[in-house]
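A closer look at the structure
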Amino acid sequence: MRGSLIIIVFFIIGVIVARFHFLPVELLQNDFSMYALYALMFLVGISIGSDTKALKALKEQNMKIVLVPLATILGTLVGSAAVSVFVSGRSLWDCLAVGSGFAYYSLSSIFITEYRGAELGTVALAANIIRELITLLMAPLLVAWFGKLAPICSGGATTMDTTLPAIARFSGKEFVIISIFHGFVIDFSVPFLVRFFCWLAV
């Protein structure tokens, strides 16, 4: 829980310093977050490379590893369908399109804005950002309540990049390979599922 609070504090500090222009203009005009992500991925790679247990864990998974992204996709779609019952003014297909973003907010919101309008695109952006933040901030609780695979399923398409450090820390380094594979499969499915449900909604 302490790690989640630290993440929240740094996020809030970042919002404040950017909002009140406490940073040099160069930092605001250029996106350095990608370089920070590269550094995190490099450090995670070092951690995996030095841990023989991580590769051993992957070999032990066999074909069961495929069930993790499948469970994420099916669980998200079932949840989105259930939520659509309580959302007025939006069809089942709209809700499934939003859910199919799987926290890949940049790509999914662009597709949904293009096919279903800016309003639903904004909803998709917010929903998928919230999903990523929940995974980052609640990873230790997800592990404690639902098991070590829970942050991976929660993270959706982000489990091979932004949420990977949190997963490695709280689920264990032996789950990193599974997390990367999961993120790759989910990432690949986003454009197909989002456009498919947007097409059904027309």
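Quick note: structure is the one above.
Residues numbered from 1 in each chain as written. Predicted model: local features only at pLDDT ≥ 70, side-chain atom pairs only at ≥ 80, totals over all residues. Heavy atoms only, no water.

**Here we look at the nonpolar core**
Counting residues in hydrophobic clusters, the biggest one holds 17 residues, and the most contacted among them are Ile73, Phe102, Ile112, Val194 and Phe197. Contributions of two or more residues to this core are made by α5 (67–84), α6 (92–99), α7 (105–116), α8 (118–146) and α11 (176–201). Ranked by residue count, the leading element in this core is α11, at 6 residues. In this view, phenylalanine 197 contacts Leu77, Trp93, Leu96, Ala97 and Ser100; residues no more than four positions away in its chain are not counted. Grouped together as the second largest cluster of nonpolar side chains are 6 residues, Ile65, Ile167, Phe175 and Ile178 included. (Core = buried A, V, L, I, M, F, W, Y, C linked by side-chain atoms within 4.5 Å. Buried < 20%, exposed > 50% of the residue type's maximum accessible area, 1.4 Å probe, protein only. Helix = DSSP H or I, 4+ residues; strand = E, 2+ residues; numbered from the N terminus. Contact = heavy atoms within 4.5 Å.)

**Examining α11**
Over its 26 residues, α11 extends 36 Å from the first C-alpha to the last, a length consistent with the 38 Å expected when each residue adds 1.5 Å. Maximal helix bending in α11 amounts to about 35°, located at valine 190; proline proline 191 follows within four positions. (Expected span 1.5 Å × (residues − 1). Bend = angle between axes of the 7 residues up to and from the residue.)

**Focus on the environment of phenylalanine 184**
Note on placement: phenylalanine 184 falls in helix α11. In this structure phenylalanine 184 comes out as exposed when scored by relative accessible area, which is 52%. Residues phenylalanine 184 and methionine 160, spaced 24 residues apart in sequence, show a C-alpha to C-alpha distance of 6.7 Å.

**Description of the packing of α5 against α11**
Running from N to C, α5 and α11 cross one another at 40°; their axes reach a closest spacing of 9 Å. Between α5 and α11, the angle falls in the class oblique. Of the two possible hands of crossing, α5 and α11 adopt the one that is right-handed. Between α5 and α11, the residues in contact are Val68, Pro69, Thr72, Ile73 and Leu77 and Ile178, Phe181, His182, Val185, Ile186, Ser189, Leu193 and Phe197, respectively. Class assignment of the residues belonging to the contact of α5 with α11 gives a composition of 10 nonpolar, 3 polar and no charged. (Axes fitted to C-alpha atoms, helices over the stretch in contact; angles between N-to-C directions. Parallel < 35°, antiparallel > 145°, perpendicular 65-115°, else oblique. Left-handed = near helix turned anticlockwise from the far one by under 90°. Nonpolar A, V, L, I, M, F, W, Y, C, P; charged D, E, K, R; others polar.)

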